[in-house]
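Listed below, chain by chain, are the residues.
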Amino acid sequence: MTRVLIALRDPLVQLGVRAALEQAGDLSVVGGVARAEDVLSAIARHAPGVVLVDAQFNRADPTLVPRIVTAHPEAHVVVMVDHGEDECILRSLALSRRDWRLAPDALSRLNECCLVALRSSARGCIPKSAAVERVVNTVRMVAAGDVVAGPWLAAQQRAVEEDVVEPRDPRPAISARELEIIEGVTRGLENKEIAGRLGIQPQTVKNHLARIMTKLGVRTRSELAALAVRQHLTT
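Remember, it's a predicted structure, so these values are computed and weren't measured experimentally.

The rules behind the values
- Counting restarts for each chain, with residues numbered from 1 along the sequence as it is written.
- Two thresholds apply to this predicted model, a pLDDT of at least 70 for residue-level local features and 80 or more for giving and counting side-chain atom pairs, whereas whole-chain, interface and lining totals are computed over all residues.
- Where side-chain values are given, they derive from all heavy atoms of the structure, hydrogens and water being excluded.
- Elements are defined by DSSP. Helices are runs of H or I of four residues or more, strands are runs of E of two residues or more, and each kind is numbered from the N terminus.
- Here's how the labels work: a residue is buried when its accessible area is under 20% of the maximum for its type, exposed when over 50%, partly exposed in between, all with a 1.4 Å probe on protein chains only.
- Here, residues are in contact when the closest pair of their heavy atoms is within 4.5 Å.
- Methods summary: accessible areas were calculated by the Shrake-Rupley approach with a probe of 1.4 Å, and residue burial reflects only the protein chains presented.
- The span one expects for a helix is its residue count, reduced by one, times 1.5 Å.
- Comment: arc refers to directions from the helix axis out to C-beta atoms.
- Here, a salt bridge means any Lys or Arg side-chain nitrogen found within 4 Å of an Asp or Glu carboxyl oxygen.
- In plain words, nonpolar cores are sets of buried Ala, Val, Leu, Ile, Met, Phe, Trp, Tyr and Cys residues tied together by side-chain atoms within 4.5 Å.
- Two strands qualify as a pair provided that DSSP identifies no fewer than 2 bridges between them.
- Working convention: axes come from line fits to C-alpha atoms, limited for helices to the stretch in contact. Angles between N-to-C directions cover 0 to 180 degrees.

Undergrad: Can you break down the overall build of the protein chain residue by residue, with the values?
TA: A count of helices and strands for the protein chain gives 14 helices and five strands. In the protein chain, buried positions account for 48% of the 235 residues. Looking at the protein chain alone, contacts between residues at least 24 apart form 74% of all its contacts between residues at least 6 apart. Accessible surface for the protein chain amounts to roughly 11100 Å². Of this, 52% is attributable to carbon and sulfur atoms.

Undergrad: Report on helix α13 (residues 202-216), specifying residues and quantitative values.
TA: For α13, spanning 15 residues, the distance from its first C-alpha to its last is 21 Å, which sits close to the expected 21 Å at 1.5 Å a residue. If you check which residues of α13 are buried, you get Val205, His208, Leu209, Ile212, Met213, Lys215 and Leu216. Across the axial projection of α13, the buried residues extend over an arc of 155 degrees, all falling on one side. Opposite the packed face of α13, turned more than 90 degrees from it, sit the exposed residues Lys206 and Thr214. Phi for Gly217, located one or two positions after α13, is positive at around 75 degrees.

Undergrad: Summarise the pattern of salt bridges; cite the residues concerned and give the values.
TA: Taken as a whole, this structure holds eight salt bridges when the rule is applied. As a salt-bridge pair, Glu22 and Arg18 come within 3.5 Å of each other at their nearest N and O atoms. Of this pair, Glu22 and Arg18 both sit in helix α1 (residues 11-22), separated by four residues, roughly a single helical turn. Where salt bridges share partners, they join Arg35, Glu37 and Asp38 into one cluster.

Undergrad: Go over unusual backbone geometry, please, and point to the residues and values.
TA: For Ala47, which is not glycine, the phi torsion reads 50 degrees and is therefore positive. Within the secondary structure layout, Ala47 lies in the loop between α2 (39-46) and β3 (50-54).

Undergrad: So, helix α12 (residues 191-198): which residues are in play, and what are the values?
TA: An α-helix turns once per 3.6 residues; consequently, residues spaced three or four apart project the same way. Buried residues of α12: Asn191, Ile194 and Ala195, and no others. Along the long axis of α12, the arc covered by the buried residues comes to 100 degrees, so they all point the same way. Turned more than 90 degrees away from the buried face of α12, the exposed residues are Lys192, Gly196 and Arg197. Looking one or two residues beyond α12, the residue adopting positive phi is Gly199, at roughly 75 degrees.

Undergrad: Pulling in residues and values, what's your account of the nonpolar core?
TA: Counting 20 residues, the largest nonpolar core has Val39, Ile43, Val53, Ile68, Val77 and Val79 as the members making the most contacts within it. Mapped onto this core, the elements with two or more residues apiece are β1 (2-7), α2, β3, α3 (55-60), α4 (64-71) and β4 (76-81). For Val39, the residues in contact, after removing those within four places along its chain, are Leu5, Ala7, Val33, Phe57 and Ile68. In terms of nonpolar packing, the next biggest core, distinct from the first, is built from 18 residues, Val50, Val78, Ile126 and Val136 among them.

Undergrad: Would you mind going over the sheet that holds strand β5 (residues 124-127) in detail, with residue names and values included?
TA: Strand order in the open sheet made by the five strands is β2-β1-β3-β4-β5, with parallel pairing throughout. Both outer strands of the open sheet, β2 (27-33) and β5, are each paired with one neighbouring strand and no more. Geometrically, the sheet is characterised by an average inter-axis angle of 25 degrees between neighbouring strands, direction not taken into account. Strand contacts of α1: β1, β2, β3 and β4, with the helix running at about 165 degrees to β2, the strand carrying the most contacts. Packed onto the sheet, helix α8 (residues 132-143) meets β1, β2, β3, β4 and β5 and runs at close to 175 degrees relative to β5.

Undergrad: I'd love a proper account of the environment of Ala60, names of residues and values included.
TA: Within the secondary structure layout, Ala60 lies in helix α3. Note on Ala60: relative accessible area 68%, which makes it exposed. Sequence spacing of Ala60 and Ala36 is 24 residues, and the spatial spacing of their C-alpha atoms is 8.7 Å.

By themselves these figures say nothing about function.
Next up, the structure:
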C-alpha cells in the first residue's frame, strides 16, 4: 500500500484527487495540506511514499521540492501543474530549434513547464486536469522508482533556455497565438477546427500559418507537423 500526501492549494481539486486515489485500492491518502508552509511538517508526520505538490507552491518557493527531497528522500515528489501537455509540447518544439525565439507573451505562458519541477528533483509532473487513470498510474510509477512526465521530456532535457532568449540566428519571434496554431496543426486539425478552438476566423488561421511557415522555413503544414513528429513531441 503506497502512502500518499496531497499538497494542493484548491480544496476542490484536493478532494477530487483524494477520491481518485482512494478508489485505486493500492493507494492510501494519509493527509492533505493547502499551504506550502505545512508540507514539510505533514511529510514528517505522515511519512508518505509519494507527495503530490501544487505547482503554485513550487513557483512561490523554488526551494520547496529540493528541501523535501533532502529532508525526506523516501518521499517521491510529483508536481501537479495548471497547464496541459500542449504547452509543454510547444515549449519543447521551440526550444529544440536554436534559430527560433519566443515572444515575451509566449515565453511567460510556457515558463511553468514540467522541466522546471523535474530539475528541482521532483520525480514526476502531471496536469491537474489529467484523467483519473493517469493520476493513479503516475503515483504508482513514481512510487516504483520511475520518473514520469511526458514523451517530450527528452527534447526538453536537451534544450538550453539561453538559446530561446539569445538565439544564434534571430528571426521574428513566435507569439503565443502562433504556438497555438502550431499545436493545432501537429494534432491534424484543419483551419476551421483550429479557428473554432481559438475563437477566431479560419482566414486568420490561414494568415498565421503563412507567417509561421515563413519563420520556420517549412513549405507545407505537413512539413510543420512532420517536424514535431521527428522530435518525438506528439502523443
